[in-house]
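Report on the structure
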Number of protein chains: 2
Amino acid sequence: MATIRELARLCGVSPATVSRVFNNPEVVNAKTREQVLRTARQIGYLPNESARTLATKKSFMVGLVWDTDHRRPGWRHPFFQEILIGLKTALSGREYHLLMLATSGDTSGERTEDAYVRAVRRHNLDGVVMIDSGTWDPSLRRLSESGVPCVSLDRPVEGSRATYVTSDNAGGARLAVRHLHERGRRAIATITGPAHTRPGAERLRGYQDEMSRLGLPHRPEFVVEGDFYLSGGHAAMRRLLEADERPDAVFVAGDEMAVGALRAIGEAGLKVPEDIALVGFDDIEVAALVPPGLTTVAQDKAGFGTAAAEAVVSMINGADAPPPRILPTTLVVRGSSTPPL
Amino acid sequence: MATIRELARLCGVSPATVSRVFNNPEVVNAKTREQVLRTARQIGYLPNESARTLATKKSFMVGLVWDTDHRRPGWRHPFFQEILIGLKTALSGREYHLLMLATSGDTSGERTEDAYVRAVRRHNLDGVVMIDSGTWDPSLRRLSESGVPCVSLDRPVEGSRATYVTSDNAGGARLAVRHLHERGRRAIATITGPAHTRPGAERLRGYQDEMSRLGLPHRPEFVVEGDFYLSGGHAAMRRLLEADERPDAVFVAGDEMAVGALRAIGEAGLKVPEDIALVGFDDIEVAALVPPGLTTVAQDKAGFGTAAAEAVVSMINGADAPPPRILPTTLVVRGSSTPPL
DNA sequence: CGGTTACATGAAACCGGTTACAGCGAGATG
DNA sequence: CATCTCGCTGTAACCGGTTTCATGTAACCG
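Residues numbered from 1 in each chain as written. Chains lettered and ligands numbered in written order. Predicted model: local features only at pLDDT ≥ 70, side-chain atom pairs only at ≥ 80, totals over all residues. Heavy atoms only, no water.

1. Observations regarding the protein's contact with DNA strand D
The immediate surroundings of DNA strand D are formed by 29 residues, with Ile4(A), Ser19(A), Asn23(A), Thr17(B) and Thr32(B) found nearest. Looking at DNA strand D alone, sugar and phosphate atoms form 62% of those within 4 Å of the protein. The separation between a phosphate oxygen of DNA strand D and a polar side-chain atom of Ser19(A) is 2.4 Å. Between DNA strand D and Thr32(B) there is a distance of 2.6 Å, counted from a phosphate oxygen to a side-chain nitrogen or oxygen. Elements supplying a minimum of two residues to the surface near DNA strand D: helix H1 (4-11), helix H2 (15-23) and helix H4 (49-56) of chain A together with helix H2 (15-23) and helix H4 (49-56) of chain B. Considering every element that reaches the surface near DNA strand D, the biggest residue donor is H4(A), with five residues. The class makeup of the residues in the surface near DNA strand D is 14 nonpolar, 10 polar and five charged. (Near = heavy atom within 4 Å. Polar contact = N/O pair within 3.5 Å; in protein donor to acceptor, adjacent residues only side chain to side chain. Helix = DSSP H or I, 4+ residues; strand = E, 2+ residues; numbered from the N terminus. Nonpolar A, V, L, I, M, F, W, Y, C, P; charged D, E, K, R; others polar.)

Right under this line is the structure:
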């Protein structure tokens, strides 16, 4: 493997000059620069990132922390994949790499929870992006306080080196309710996410806000808490159907739950949208596939990754934590909310 | 940040000894070792991986190469996420980290295709896992020939430092056909994947083998090529329905296509499974969600990641490339293939 | 023409580990 | 008692970059 000294020797210059060619091109004489670049290409010189990191303490890598515990939401975030690709693409464009870090699944005994924090320090990671792992983890807090830029997805965080990206959950929920209202529905129920999650709480708030704005009565029996998963949606819908008065529409705060609800409605011998209209949230792939097509509030999936990348890089470059980024949501209308003929 | 010399000074030993405590514990006196470990814990010493990599040329990182081009299959591999989690978990357990590398989406001009190869060299990556990116990429070949262990998923590769992991595609296809036969179907058609992909070709072969084994006639009009995507499955199914004789069952070589087929059947006013039974392949999430539930050939999703991790690590440790790993497939029976009442 | 300034470069220390080699003391051996 | 062996440890070079500081040269100025 060609080293910088070798390249320098071939060009008859010092290693320092070669280094400058790559990091500070403008300070070196144009002629020398060209020659160095040409020779570098010829011999296939590539700077060794470890050496560079060792010297500069910048690794040009950011960690993606996500939760590999199957019981927790991280790895099955509704569009993990889209976030990942958005993040990766945006980071690549800024010359950063992405290192995968997990908050569980590590073997080590006692302080396993901190494994990813140790990785950040050992590898000189320049920043961290975290996919909602349940809590604003104390280790992460310490990390951020120690100056490592942190961006969290869907979970508020604080600190001068930390910010977060999330969707306009409340706005999206309002959109959904308004849409159902416009389609003539009045008895609008909701299946919420867990109250302790940010998106869960926000979507409920949006639902409530819009209901009052429209002058629709608030009925406690029309608000049932789900868990963001299929089975939870199914169970919640059954509870709604057992109530004295049946809703003619349900805003379900997550598409996966909505599919569960769809099934429960079918099992009860009712039809969507004729008997009950449904609007979900997320716009996951299934939404378009499951008959009759699920009307849903779409999140800007790629935007998550892009926004996170922007935020983390700007902090890496010395900026203060930018304000939280709230991504707009849009309504995608499909069969589950068409007016009954 | 604590360095090894600092720790050494505190313990009254040389840096070499400290280094040995971490890399070769058995050669250092038990008493000294304990003291070093204790002190290390106290001051929160963590070895600097860049320095270590620089000195040893081993980074304990492997690259995951995948295709971020939306038009190509890599990033939407039917269970990218499960592979990723399996891989990550298995690698973590072996003290390796995972660096994300993309084959497109990079900005640089001319030789953009090689961006990930350069990353491998710059970062001293110990190995590479590649999610089917269409072709057995010449850059990857060179990489493998230069001694970097490579594991490919769903695509055969060759070389003493390269191997691959795939499902028993042919076996799974046979399973599907046999199942349909057992359920009394005789006019069994198939919608295949693209012929140039390995899984596409293998599944077709399995279908053909089992058809002849069962003594069922081979009818060319019962074999239609799809593209693994929803729309392709939809179109292929329509062509099957337009044929003179209608099949009473279809083996669809991918669940996403199967969902498209399901839809096409519904649009034609026919019913699954009454008129046509369907068996898919992959067992993606939707398969369980879409009514009436899609019978499908399940792949061992987590197994992909685990097997890849095992293979790459064993090669990193000096072993020759292990033989290709063929993961078993199993049939998951759901509503789409129940016998007509 | 002497003195300043700007520009381009080189020498050498440094980043934080690893490791080949040498050395030392204690116990074993002849 | 001299020597050998073994177990343990230290010295110092090395990995491949970056960066501070000094230096040399040419241009510029009064």
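2. Re the nonpolar core
Met237(A) and Met237(B) are the most contacted members of the largest nonpolar core, which has 86 residues in total. Among residues more than four places away in sequence, those in contact with Met237(A) are Ile191(A), Val250(A), Ala261(A), Ala264(A), Ile265(A) and Ile276(A). Membership of the second largest hydrophobic core comes to 58 residues, among which are Leu91(A), Val129(A), Ile131(A) and Leu98(B). (Core = buried A, V, L, I, M, F, W, Y, C linked by side-chain atoms within 4.5 Å. Buried < 20%, exposed > 50% of the residue type's maximum accessible area, 1.4 Å probe, protein only. Contact = heavy atoms within 4.5 Å.)

3. Section: the protein's contact with DNA strand C
Around DNA strand C sit 29 residues, and of these Ser14(A), Thr32(A), Ile4(B), Ser19(B) and Asn23(B) come closest. For DNA strand C, the fraction of atoms within 4 Å of the protein that belong to sugar or phosphate moieties is 62%. At 2.3 Å, a side-chain N or O of Ser19(B) approaches a phosphate oxygen of DNA strand C. One of the side-chain N or O atoms of Asn23(B) is found 2.7 Å from a phosphate oxygen in DNA strand C.

Function-wise, these values are silent; they only describe arrangement.
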